[in-house]
Amino acid sequence: MKTRYMYLLILPGILFLTVFMIIPIVLTIGTTFTDGSGIILDGYLTFLKDRYFLDILFTTLRVSLLTTLICIILGFPAAYYISKLGGRMKAVLLLLTIFPLLTSSVVRSFSWMIIIGRNGLLNKMLLGMGIIHEPLDILYTPTAIIIGLVHLFLPLIIVSLVGVMENIQHDLLEAAESLGASKATVFLKVVLPLCVPGLVIGSILVFVGSFTAYTTPALLGGKQRVISTFLYQNAITLNDWQVASIVATIMIVITFAVIACMNALARKLNPKG
């Protein structure tokens, strides 16, 4: 009886997701495999042979993976430090971590344009210090996109890791050290495996967000295309919904493939789950 009531509680959510997400996605994907006369794959074959589209796809993957890696490198020590605090200081640092998420991505992107532009604050500072002799061309490059995406998604991986790290018992670390393990060994053999669940969740959130982001690449990338701006161009500017549907399907497939790879890596790092 209790199980039946539990199913009734989740039924509205399942119906909502089915009607407004699953069915539209299935219909969108279905239109890419048929032209009314039968099943076709010409659209996908054309894209896989198109050098321009492959360059966009590889650029997007490179940007997304680098963004995820940088977020892990920056977020791991920050999350470890926050997890060791207690009381008000921990709450304040978590609030400061989450606060950037409350700011529009458009505002943050324009702020970075002011900072890393050719006449921006960064170039003026480096020129004034004599470190460089001509302005750096950072804006409207993949580097600018990565900077904006790291700023956008770094809080997600920090929060994901803090939730896992604060549950690690300090006695485990002391026990490992008392048995002769060095600090590095304790980190690799104890801390890292226990952090794998939060690391995987955070990495998936960052990668999927970076791979599908539109506003930040559109503003900081300029003419540098990524797959989301390419999809928008075909759907809205060119009004070619068939091509846009194919691009969207490719994005979905790649997203699930990367998530599967991350989960497989997580199981390898932490076989006991």
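In this report, the structure presented in the accompanying data block is examined. (Residues numbered from 1 in each chain as written. Predicted model: local features only at pLDDT ≥ 70, side-chain atom pairs only at ≥ 80, totals over all residues. Heavy atoms only, no water.)

1. Structural notes on the overall build of the protein chain
When its secondary structure is counted, the protein chain shows twelve helices and zero strands. For the protein chain, the sequential pattern of α-helices and β-strands runs α-α-α-α-α-α-α-α-α-α-α-α. Taken along the three principal axes of its C-alpha coordinates, the protein chain extends 75 × 70 × 35 Å. Counting all 273 residues of the protein chain, 36% fall into the buried class. Pairs at least 24 apart in sequence give 71% of the contacts found in the protein chain among residues at least 6 apart. Counting only carbon and sulfur atoms, one obtains 71% of the accessible surface of the protein chain, whose full area is about 16,500 Å². Between the centroid of the 18 positive side chains of the protein chain and the centroid of its 11 negative side chains there is a distance of 8 Å. (Helix = DSSP H or I, 4+ residues; strand = E, 2+ residues; numbered from the N terminus. Buried < 20%, exposed > 50% of the residue type's maximum accessible area, 1.4 Å probe, protein only. Contact = heavy atoms within 4.5 Å. Areas by Shrake-Rupley, 256 points an atom, 1.4 Å probe, with all protein chains shown as cover. Lys, Arg positive; Asp, Glu negative; His and termini not counted. Charge placed at Lys NZ, Arg CZ, Asp CG, Glu CD.)

2. A short note on the packing of helix 3 (residues 51-83) against helix 9 (residues 183-212)
In the contact formed by helix 3 and helix 9, the axes pass within 9 Å of each other and the chain directions differ by 140 degrees. Judged by the angle between their axes, helix 3 and helix 9 are oblique. Of the two elements, helix 3 crosses helix 9, and the hand of that crossing is right-handed. Two secondary-structure elements touch here, helix 3 through L57, T60, L61, S64, L65, T67, T68, C71, I72, F76 and Y80 and helix 9 through F187, V191, L192, C195, L199, S203, V206, F207, S210 and F211. Within the contact of helix 3 with helix 9, the residues separate by chemical class into 15 nonpolar, six polar and no charged. (Axes fitted to C-alpha atoms, helices over the stretch in contact; angles between N-to-C directions. Parallel < 35°, antiparallel > 145°, perpendicular 65-115°, else oblique. Left-handed = near helix turned anticlockwise from the far one by under 90°. Nonpolar A, V, L, I, M, F, W, Y, C, P; charged D, E, K, R; others polar.)

3. Here we look at the packing of aromatic side chains
Enumeration according to the criterion identifies eight aromatic pairs in this entry. Look at F47 and F53: their rings are 4.7 Å apart centre to centre, the planes differ by 75 degrees, and that puts the pair in the edge-to-face class. One exposure class covers both F47 and F53, and it is buried. On the basis of an interplanar angle of 70 degrees and a centroid distance of 6.0 Å, the ring pair of Y52 and F230 is categorised as edge-to-face. Taken together, the positions of Y52 in helix 3 and F230 in helix 11 (residues 227-237) put the pair 178 residues apart, joining distant regions of the chain. Look at Y52 and you get partly exposed, because its relative accessible area is 45%. Using a relative accessible area of 7% as the deciding quantity, one classes F230 as buried. Every member of this aromatic cluster is reached through a ring pair, and the members are F47, Y52, F53 and F230. (Phe/Tyr/Trp six-rings, centres within 6.5 Å; stacked < 30°, edge-to-face > 60°.)

4. A few points about the side chain of T60
Looking at the element boundaries, T60 is found in helix 3. We classify T60 as buried; its relative accessible area is 2%. There is a polar contact of 2.9 Å between the side chain of T60 and the backbone nitrogen of I227. Residues in contact with T60, not counting those within four places in the same chain, are F211, V226 and I227. (Polar contact = N/O pair within 3.5 Å; in protein donor to acceptor, adjacent residues only side chain to side chain.)

5. Here's the deal with the packing of helix 3 against helix 4 (residues 87-98)
Where helix 3 meets helix 4, the axes come as close as 9 Å, and the angle between the chain directions of the two elements is 150 degrees. On the basis of their axis angle, the class for helix 3 and helix 4 is roughly antiparallel. Mapping the contact onto sequence places Y81, I82 and S83 in helix 3 and K90, L93, L94 and T97 in helix 4. Split into classes, the residues belonging to the contact of helix 3 with helix 4 amount to four nonpolar, two polar and one charged.

6. So, the pattern of salt bridges
According to the stated counting rule, one finds three salt bridges in the structure shown. D55 is paired through a salt bridge with R51; the nearest N and O atoms lie 3.6 Å apart. One end of the pair is D55 and the other is R51, both in helix 3 and four residues apart, which spans about a single turn. (Salt bridge = Lys/Arg side-chain N within 4 Å of Asp/Glu carboxyl O.)

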